[in-house]
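Descriptive analysis of the structure
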Amino acid sequence: MDLSDSPEDAEFRARLREWLGKVLPTLPPRPSPDDWPGRRAYDLGWQRALHDAGYADVHWQAPPGVRLIFLEETEKAGAPYVGAGFVGLLHAGPTIAAEGTPEQRDRWLPPILRGEEVWCQGFSEPDAGSDLAALRTRAWRDGDAYVVSGSKIWTSHAEVADWCELLVRTDPDAPKHRGISWLAMPMDAPGVTVRPLRTLAGSAEFAEVFLDEVRVPVGNRVGAENDGWRVTMVTLSFERGTAFVGEVVACRRVLGELARRARRTGRWDDPVLRRRLGSLNAEFRALWRLTQWNVSAAEAAHGGVPGVGGSVFKLRYSQARQELYDAAAEVLGDAALDADRTWTADRLSSLSYTIAAGTSQIQRDIVAERILGLPKGR
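Residues numbered from 1 in each chain as written. Predicted model: local features only at pLDDT ≥ 70, side-chain atom pairs only at ≥ 80, totals over all residues. Heavy atoms only, no water.

**Let's talk about the nonpolar core**
Membership of the largest hydrophobic core comes to 28 residues, with the highest contact counts inside it found for Leu 89, Ile 96, Trp 119, Leu 167 and Trp 182. Of all the elements in the fold, those that place two or more residues in this core are helix H4 (86-99), helix H5 (102-113), strand S4 (163-169), strand S5 (180-186) and helix H6 (228-241). Ranked by residues supplied to this core, first place goes to H4 with six residues. Within the second largest apolar cluster, 25 residues are counted, among which are Ala 84, Val 148, Val 160 and Val 168. (Core = buried A, V, L, I, M, F, W, Y, C linked by side-chain atoms within 4.5 Å. Buried < 20%, exposed > 50% of the residue type's maximum accessible area, 1.4 Å probe, protein only. Helix = DSSP H or I, 4+ residues; strand = E, 2+ residues; numbered from the N terminus.)

Now the structure itself:
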């Protein structure tokens, strides 16, 4: 598979670089990490700028080469991350584009692309742990609406979201993977209560969400009733296969900064550290190539939906990111204990990556059963 730029891709890369060079110096300062209304406004403003410049649809409507170039160049240039738009642009939006009706695509996709609406993810539950299919949030049919009761946890950006991609149990008597439906729930509906959660790093991008007989129109169901597990696999394919792509580029940038700092401080003289940083450089170069292959293969074989190869990427990237920030702590020395340093906050955040978007144990099961063809465990 040829992973080099085509002439069209090279032209897109040059045009994007030129635009970023002009617009990035004009952006206002980024809000404080604790100012979520400000962060929402900032992130949506950046998405609107991308939309107006013709770059808004790269996450799910562009060819794979264009998608990867966009993620690579914006990260290298230090452009704003998707931030509060993470779920809408990288999870819910691609899922609706792949599985939604024409009416659903017309309703929800343009506001995401224009930077007008924020989505959150209502998947995890307090009692389900890593067994997502064990969810208990119940939805029963009442005329043209579902009545939803239950709770969700680790709900990304719930405190500033307009919509929630919500998994509910619509048939409690069916086998647990077959009685689930995927709903789009308005966050301002009566009966929705949001309680922010503070992480180890001191941020509050997650929340608990409590649902007390919330009415969600049946027309907000994506996919057939009780077919939500299949739709969810589409969502998780995007989450594991493409949502972390920009972060690989960011890790390669951090690795370069680490090497330069090690040279300035004399830590570079340690051959063990040099080998460690060299190994990480090879690791992230390989992950970037794997990402290119996964996205290109998804476009060719699955109409843009990443396949199970995303689990290979997610499994190794989660570990490599933790190893990167362990190396950063070694380079920083005592300064690694300074909570105000970006690298320190990123190190704390990296601890969640072997849990978020499916634990490493779950990813190993997927690789074993769906790629290697090994029998299911009993």
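Resuming the write-up.
**With respect to H4**
Taking 1.5 Å of rise per residue, 14 residues should cover 20 Å, and H4 covers 19 Å from first to last C-alpha, within 8% of that figure. Roughly 40° is the biggest bend found in H4, and it falls at Ala 92, with proline Pro 94 one to four residues downstream. By the criterion of burial, H4 is predominantly enclosed, with eleven of the 14 residues buried. (Expected span 1.5 Å × (residues − 1). Bend = angle between axes of the 7 residues up to and from the residue.)

**Examining helix H2 (residues 36-53)**
Here H2 contains 18 residues, and its C-alpha end-to-end distance of 26 Å stays within 8% of the 26 Å for a straight helix at 1.5 Å per residue. All of the buried residues along H2 are Trp 36, Gly 38, Arg 40, Tyr 42, Asp 43, Leu 44, Trp 46, Gln 47 and Leu 50. The N-terminus of H2 is capped by Asp 35, whose side-chain oxygen sits 3.0 Å from the backbone nitrogen of Gly 38. (Polar contact = N/O pair within 3.5 Å; in protein donor to acceptor, adjacent residues only side chain to side chain.)

**Topic: the side chain of Glu 165**
Its location among the elements puts Glu 165 in strand S4. Buried within the structure, Glu 165 lacks any salt-bridge partner; its nearest side chain of opposite charge belongs to Lys 152, at an N-O separation of 11 Å. At a separation of 3.0 Å, a polar atom in the side chain of Glu 165 contacts the side chain of Gln 121. Ignoring any residue separated from it by four or fewer positions in sequence, one finds Glu 165 in contact with Val 87, His 91, Ala 92, Trp 119, Cys 120, Gln 121, Gly 122, Phe 123, Trp 182, Leu 183 and Thr 235. (Lys, Arg positive; Asp, Glu negative; His and termini not counted. Salt bridge = Lys/Arg side-chain N within 4 Å of Asp/Glu carboxyl O. Contact = heavy atoms within 4.5 Å.)

**Things to note about empty space enclosed by the protein**
On inspection of all chains with the given rule, the structure shows three cavities of 30 Å³ or more. Looking at the second largest cavity, its volume works out to about 60 Å³. Every residue along the wall of the second largest cavity is listed here: Asp 43, Leu 44, Gln 47, Val 82, Gly 85, Gly 88, Leu 89, Ile 112, Gly 115 and Glu 117. Elements supplying a minimum of two residues to the lining of the second largest cavity: H2 and H4. With three residues, the top contributor of residues to the lining of the second largest cavity is H2. Of the residues contributing to the lining of the second largest cavity, the split by class is four nonpolar, four polar and two charged. (1 Å grid on protein atoms, 1.4 Å probe; cavity = no way out; pocket = protein on both sides within 12 Å on 5 of 7 lines; lining within 4 Å. Points joined across faces, edges and corners; volume = space filled by probe spheres on them. Nonpolar A, V, L, I, M, F, W, Y, C, P; charged D, E, K, R; others polar.)

**As for the packing of aromatic side chains**
One pair of aromatic rings is described through two measures. These are the centre distance and the angle between the planes. Evaluation of the coordinates by the stated rule reveals seven aromatic pairs. A ring pair is formed by Phe 12 and Tyr 55, whose centres lie 5.8 Å apart and whose planes are at 70°; its orientation type is edge-to-face. Placement of the pair is Phe 12 in helix H1 (residues 7-23) and Tyr 55 in the loop between H2 and helix H3 (64-76), with a sequence separation of 43 residues. Phe 12 gets classed as buried once you look at its relative accessible area, which sits at 8%. Between the aromatic rings of Trp 19 and Trp 46, the centroid separation amounts to 5.7 Å while the plane-to-plane angle is 35°, which identifies the pairing as tilted. (Phe/Tyr/Trp six-rings, centres within 6.5 Å; stacked < 30°, edge-to-face > 60°.)

**Details of the pattern of salt bridges**
Taken as a whole and judged by the stated rule, the model has 25 salt bridges. As a salt-bridge pair, Lys 22 and Glu 18 come within 3.5 Å of each other at their nearest N and O atoms. Highlighted residues: Lys 22 and Glu 18, both in helix H1, separated by four residues, approximately one helical turn. Three or more residues joined by partner-sharing salt bridges are found here, namely Arg 13, Arg 17, Glu 72, Glu 73 and Lys 76.

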